[in-house]
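Okay, here's what each chain looks like letter by letter:
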Amino acid sequence: MRIRLNRYNQTFVADIQAFRGIRYDLSHVGSLGEVVAPPYDVIDAELQTELYQRHPANFVRVILNRSEPGDEADDNYRRAGNFVRTWLREGVLVQDAQAAIYVYHQQFQLDGQTVNRRGFIARIRLEPYAEGCIFPHEQTHASPKQDRLKLTRATQCNTSQIFAVYPDDDNAVQEQLEAAIDDRTPLMATDDQGCVHRMWLVHDANNIANVAALMGSKSLYIADGHHRYETALNYRDELAQNSDLAADHPANYVSMCCVSMGDPGLVVLPTHRLWRGLPVMSSEQLVARLQPAFECRAAGRGAELADELWRQLSSDDLQDQLAFYTAADDAWTIAKLAAAGHEQLENEKPAMSRAWRSLGVSILHELVMPHLLGQTSLASPKYVRSVTDVVEGIRHGDPAGRDATGQTGTGNRFELATLVMPASLQHVRQISEHRERMPAKSTFFYPKLLSGLVINPLYK
């Protein structure tokens, strides 16, 4: 077993435990699909309203409680907490009698193929990033962490799972759990994208012990949920300041969905950018700014060309190649980082590893935007998951109000769009182990985990 020591010579291994989750009682709510919800950060105002109308106990009322007329500050968080307590009292939610590890499958369609991603949900002992075997890979921001901390205080629960990946070429951990559920019927829900979510409970003490032992030697790399992991640390520290927190207190743990890096269903998709607040710029002006750091070529005109260009970028599979759309002349430009650009980025970020500097998102956010385009205080872009969303944004602009990334739209035209390659699993592992952070939204592990399948209580 690989053992890590922190600066106090304390041993750190991945501490994986079963827990008594809180789940919907289907005799009260009927279909599980009616009450679960996507993660809060992909729910826009329209979907929030739709989920509210879908069922009076839909979990959106907890993870993204909407403001009501006459609200005072933080009333939406208090309402979320009240929903959890009321549903527990009324039997809508019930805590499992036995501790379990929750096996979780997601079956989805991708490029015409049926894909099944397999993982398991357990509680993991929290540890500071710099001292143990849990590694982040993306930067975080203060506002989402403050939002999730208020929700955690109000509910005293982990309402959603952290998503982490771990090295296991033979998938030995998952196969141990698959054998335990082989002849059992799962709980099942289908989401709005057609993804089928299945979950089984494993109570057997031997199976749980074997999984914990196998996982104890492995590192965990956070794939999605950095803000929520850091929030869990903050909540634990907050409780510890006010009272002695016993070693086995639930707040020392966070619920996590763990997926093997060797799982054939593990998919990383891109997150493209639609830029807010940029001045009007033609492709000719863009190229003048990018050269000599980039070798540029005109790629055609029209928003609909995005799909063809993305197929080309995906086929080339080059992190240092980007596609830019300029709204002023409805034109696309392909830009590949040249030797001068590599040298400039190394000069700007000499402390960062070569792996970090090779990322498309690093090149875009740390060289192109601040230095070549001079946008040092630019608002965060709108992050979109598909080329269809890129085309939609180009054609219709930035909708006013909260979007599916939790940001507020301006109602204006996007002057610039960028197609960018996602970081790979190898990038995630390398950069995490260098204790570096990628720019936000460097990866999109598809599909997202459902919220409301199982809740982890943080109280005894």
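Everything below is about the structure shown above.
Residues numbered from 1 in each chain as written. Predicted model: local features only at pLDDT ≥ 70, side-chain atom pairs only at ≥ 80, totals over all residues. Heavy atoms only, no water.

Draft legend 1. Representation of the overall build of the chain within the structure. The secondary structure content of the chain amounts to 15 helices and 25 strands. Its C-alpha atoms give the chain a radius of gyration of 23 Å, within 12% of the compact-globule value 23 Å for 460 residues. In terms of principal-axis extent, the alpha carbons of the chain reach across some 65 × 55 × 50 Å. Every one of the 460 residues in the chain was classed for burial, and the buried ones make up 57%. Of note, the chain has its 46 positive side-chain charges centred 4 Å away from the centre of its 57 negative side-chain charges. (Helix = DSSP H or I, 4+ residues; strand = E, 2+ residues; numbered from the N terminus. Rg over C-alpha atoms; globule rule 2.2 N^0.38 Å. Buried < 20%, exposed > 50% of the residue type's maximum accessible area, 1.4 Å probe, protein only. Lys, Arg positive; Asp, Glu negative; His and termini not counted. Charge placed at Lys NZ, Arg CZ, Asp CG, Glu CD.)

Draft legend 2. Highlighting helix 6 (residues 172-181). Of all the positions in helix 6, only Val 173, Gln 174, Leu 177, Glu 178, Ala 180 and Ile 181 are classed as buried. The buried side chains of helix 6 occupy one side of the element, clustering within an arc of 160 degrees when seen end-on. Among the structural elements, strand 6 (101-110), strand 7 (113-125), strand 10 (162-166), strand 12 (196-202) and helix 7 (205-215) are those in contact with the buried residues of helix 6. (Arc of directions from axis to C-beta. Contact = heavy atoms within 4.5 Å.)

Draft legend 3. Examining the environment of Pro 250 more closely. Here Pro 250 shows up in the loop between helix 8 (226-242) and strand 14 (253-260). Considered as a pair, Pro 250 and Trp 332 are 82 residues apart in the sequence and their alpha carbons are 52 Å apart. Residues in contact with Pro 250, not counting those within four places in the same chain, are Arg 123, Pro 457, Leu 458, Tyr 459 and Lys 460.

Draft legend 4. Focus on empty space enclosed by the protein. Under the defined criterion, the tally for this structure stands at four cavities of 30 Å³ or more. Here the largest cavity is characterised by a volume of approximately 180 Å³. Lining of the largest cavity is provided by 18 residues; of these, Thr 152, Cys 157, Asn 158, Thr 159 and Arg 228 occupy positions nearest its centre. Contributions of two or more residues to the lining of the largest cavity are made by helix 5 (142-155), strand 9 (157-158), helix 8 and strand 14. The leading source of residues in the lining of the largest cavity is helix 8, at four residues. Counted by class, the lining of the largest cavity contains 11 nonpolar, five polar and two charged residues. Of the volumes computed, that of the second largest cavity is approximately 90 Å³. Every residue along the wall of the second largest cavity is listed here: Pro 39, Ser 160, Gln 161, Phe 163, Asp 224, Arg 228, Phe 445, Pro 447, Lys 448, Leu 449, Leu 450 and Ser 451. Of the residues belonging to the lining of the second largest cavity, the class tally is six nonpolar, three polar and three charged. (1 Å grid on protein atoms, 1.4 Å probe; cavity = no way out; pocket = protein on both sides within 12 Å on 5 of 7 lines; lining within 4 Å. Points joined across faces, edges and corners; volume = space filled by probe spheres on them. Nonpolar A, V, L, I, M, F, W, Y, C, P; charged D, E, K, R; others polar.)

Draft legend 5. Structural view of the state of the cysteines. Evaluated as defined, the whole model comprises zero disulfides. In this model Cys 133 remains outside any disulfide bridge; the closest cysteine sulfur is found in Cys 258, 11 Å from its own. Its sulfur unpaired, Cys 195 is 12 Å from the next cysteine sulfur, which belongs to Cys 257. Under the relative-accessibility criterion, Cys 195 is labelled buried at 1%. (Disulfide = S-S within 2.5 Å.)

Draft legend 6. Layout of the packing of helix 11 (residues 339-348) against helix 13 (residues 360-372). For the pair helix 11 and helix 13, interaxial distance at closest approach is 11 Å and the crossing angle is 90 degrees. As the angle between them shows, helix 11 and helix 13 are arranged roughly perpendicular. Contact residues: helix 11 offers Gly 341, Gln 344, Leu 345 and Glu 348, while helix 13 offers Ile 363, Glu 366, Leu 367, His 371 and Leu 372. (Axes fitted to C-alpha atoms, helices over the stretch in contact; angles between N-to-C directions. Parallel < 35°, antiparallel > 145°, perpendicular 65-115°, else oblique.)

Draft legend 7. Fine view of the nonpolar core. Residues Tyr 24, Phe 294, Phe 324 and Val 368 are the most contacted members of the largest nonpolar core, which totals 75 residues. Counting residues per element, this core draws most heavily on helix 13, at seven residues. (Core = buried A, V, L, I, M, F, W, Y, C linked by side-chain atoms within 4.5 Å.)

Draft legend 8. How the structure looks around the packing of helix 4 (residues 75-90) against helix 5. Put simply, helix 4 and helix 5 touch, their axes get as near as 8 Å, and they point 35 degrees apart. Where helix 4 crosses over helix 5, the two elements pack in a sense that is right-handed. Contacts between helix 4 and helix 5 pair Tyr 77, Arg 78, Ala 80, Gly 81, Val 84 and Arg 85 from the former with Asp 147, Lys 150, Leu 151, Ala 154 and Thr 155 from the latter. Partitioned by chemical class, the residues of the contact of helix 4 with helix 5 number five nonpolar, two polar and four charged. (Left-handed = near helix turned anticlockwise from the far one by under 90°.)

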